[in-house]
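Residues per chain are reported as follows:
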Amino acid sequence: MKKRVFSGIQPTGIIHIGNYLGAIKRWVDLIEEYDCIYSIVDYHAITVSYDPKELPIRIIESAKILMAAGVDPDRVILFVQSSVSEHTELEWILNTITPVGDLERMTQYKDKRQQNVENINTGLLTYPVLMASDILLYKAEVIPVGEDQKQHLELTREIVRKFNRRFGNTFPEPQTLLGVAPRIKGLDGNAKMSKSLNNYIALIEEKEDIWNKLRIAVTDPARKRRNDPGNPEVCNIYSLHKYFSSEEEIEKVNKGCRNAEIGCVECKKILAENMDRVIAPIREKKKSFDGKENLVREILYSGAEQARKIAVQTMEEVREKIGVKF
Ligand code: AMP
Ligand code: TRP
């Protein structure tokens with residue numbers, strides 16, 4: 001029996017290179033050896049302000065990009081969270097064993113509270129419990145995510161221990177598997193790359209836009225003029241080279257920056273070329289799904305059907321264990 005993998009991504013409609021290097025690339029690499037279930041988590045996305053007319057479009061766009069990046073629905077279960085109502089059902093039950101204090105301690109909750117002062121809803125607080133439900137419904141053991149989700153997965157493990165102690169052994173403790181680049185910084189060179197901060201390069205960015213965005217991206221702030229030597233260690237462009245460029249090129253820009261032989265513009269041009277080499281096939285594959293929204297919908301419905309079969313079984317077991325089956 002293959003071990004089961006579960007992960008999710010919110011339907012923002014864009015997937016950036018931070019998502020890709022932090023998580024999605026791992027999702028794809030794991031397909032060979034594991035039984036993988038991947039979800040577009042729309043119920044997580046509605047915890048912040050959003051446009052109900054836009055959301056369905058974003059869900060479909062996210063699915064297209066995931067498939068273009070290698071999440072092959074013939075080999076994994078790919079579905080939309082809200083299509084399987086057991087997610088919210090299990091969440092209610094897990095809510096009753098999760099201390100409020102544990103949720104209030106979550107870094108992401110504390111950040112979001114500050115960013116959404118006009119909308120601090122209960123869903124923001126219980127967000128990690130819904131995540132735990134996503135994972136436990138499928139008894140998943142391996143969870144590929146970026147670093148920002150680590151704390152949520154620790155809480156999931158605590159919920160598992162508590163449930164198993166109280167109601168008998170039911171769920172395995174899931175392990176966190178970080179991506180190749182667990183925390184990619186945005187083009188401002190400071191904050192985490194994210195859609196909301198608009199500091200990202202999309203996984204399907206057009207070639208000229210890759211360049212337009214990199215052109216104005218922050219480098220070593222101490223390197224003010226072309227002839228100043230730079231310090232690659234503090235330069236975000238250099239850290240991106242590590243994921244897109246060859247060993248020789250990384251060495252070349254490292255040395256060239258330190259002795260001012262290579263300027264930031266040239267360094268960025270090399271990166272833009274290499275980035276486009278990775279992005280171009282994904283961008284083209286994504287375009288091949290445009291206009292085929294009905295096909296994408298069918299794929300997601302079929303994924304939901306497969307997911308539901310597993311979810312229903314887990315809920316049967318859970319209901320019996322917690323004593324609501326009579
Ligand atoms: P989200 O878009 O918040 O649903 O995130 C989807 C996945 O991408 C999660 O596993 C995140 O941990 C990961 N992720 C998001 N932003 C970054 C980033 N800047 N660097 C690395 N991983 C990220
Ligand atoms: N909260 C995650 C994020 O924003 C997405 C997610 C939802 C998830 N449910 C999950 C990730 C279950 C892993 C496992 O990135």
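Predicted, not measured: the structure shown is a model, and the values here were computed from it. (Residues numbered from 1 in each chain as written. Chains lettered and ligands numbered in written order. Predicted model: local features only at pLDDT ≥ 70, side-chain atom pairs only at ≥ 80, totals over all residues. Heavy atoms only, no water.)

**Student:** Whenever I open this one, the environment of Pro229 confuses me. Can you help?
**Tutor:** Within the secondary structure, Pro229 sits in the loop between helix 9 (207-215) and helix 10 (236-244). Residue class for Pro229 comes out exposed when judged on its relative accessible area of 52%. Once the C-alpha coordinates of Pro229 and Cys264 are considered, the two residues, 35 residues apart in sequence, prove to be 10 Å apart. With sequence-adjacent residues up to four places away left out, Pro229 is seen in contact with Arg223, Cys257, Arg258 and Ala260. (Helix = DSSP H or I, 4+ residues; strand = E, 2+ residues; numbered from the N terminus. Buried < 20%, exposed > 50% of the residue type's maximum accessible area, 1.4 Å probe, protein only. Contact = heavy atoms within 4.5 Å.)

**Student:** What is the right way to look at a nonpolar patch on the surface in this model?
**Tutor:** Residues Tyr43, Ile46 and Tyr50 make up a contiguous nonpolar surface patch of roughly 270 Å² in combined accessible area. Residue position: Tyr43 is located in helix 2 (residues 42-45). (Patch = residues over 30% accessible without salt bridge, like charges linked within 9 Å, V, L, I, M, F, W, Y side chains within 5 Å. Areas by Shrake-Rupley, 256 points an atom, 1.4 Å probe, with all protein chains shown as cover. Salt bridge = Lys/Arg side-chain N within 4 Å of Asp/Glu carboxyl O.)

**Student:** Any chance you could explain the pattern of salt bridges here in plain terms?
**Tutor:** Side chains that carry opposite charge are capable of pairing whenever their charged atoms lie near each other. Inspection of the entire model under this criterion finds 27 salt bridges. A salt bridge links Arg258 to Glu233; the nearest nitrogen and oxygen atoms lie 2.8 Å apart. Taken together, the positions of Arg258 in helix 11 (residues 247-258) and Glu233 in the loop between helix 9 and helix 10 put the pair 25 residues apart, joining distant regions of the chain. For the salt bridge of Glu320 with Lys325, the shortest nitrogen-to-oxygen distance reads 3.6 Å.

**Student:** What is the right way to look at the domain arrangement of the chain in this model?
**Tutor:** Interfaces are often sized by the amount of accessible area the parts lose when they come together. Along its sequence, the chain is organised into domain 1 (4-184 + 292-322) and domain 2 (207-287). Every contact between the two is made by twelve residues of domain 1 and, on the other side, eight residues of domain 2. Interface of domain 1 and domain 2: buried area, both sides summed, is about 830 Å²; carbon and sulfur atoms make up 80% of it. Of all residues in domain 1, the largest losses of buried area upon contact with domain 2 belong to Ile17, Leu21 and Ala68, amounting jointly to 46% of the total for that side. Our count for the domain 1 to domain 2 interface comes out at one salt bridge. At the boundary of domain 1 and domain 2, one finds one residue pair in polar contact (both at pLDDT 80 or more). Here the element with the most residues in the side of domain 1 that touches domain 2 is helix 3 (residues 55-68); it accounts for five residues. (Domains from an automatic or database assignment. Buried area = accessible area lost by both parts, 1.4 Å probe. Polar contact = N/O pair within 3.5 Å; in protein donor to acceptor, adjacent residues only side chain to side chain.)

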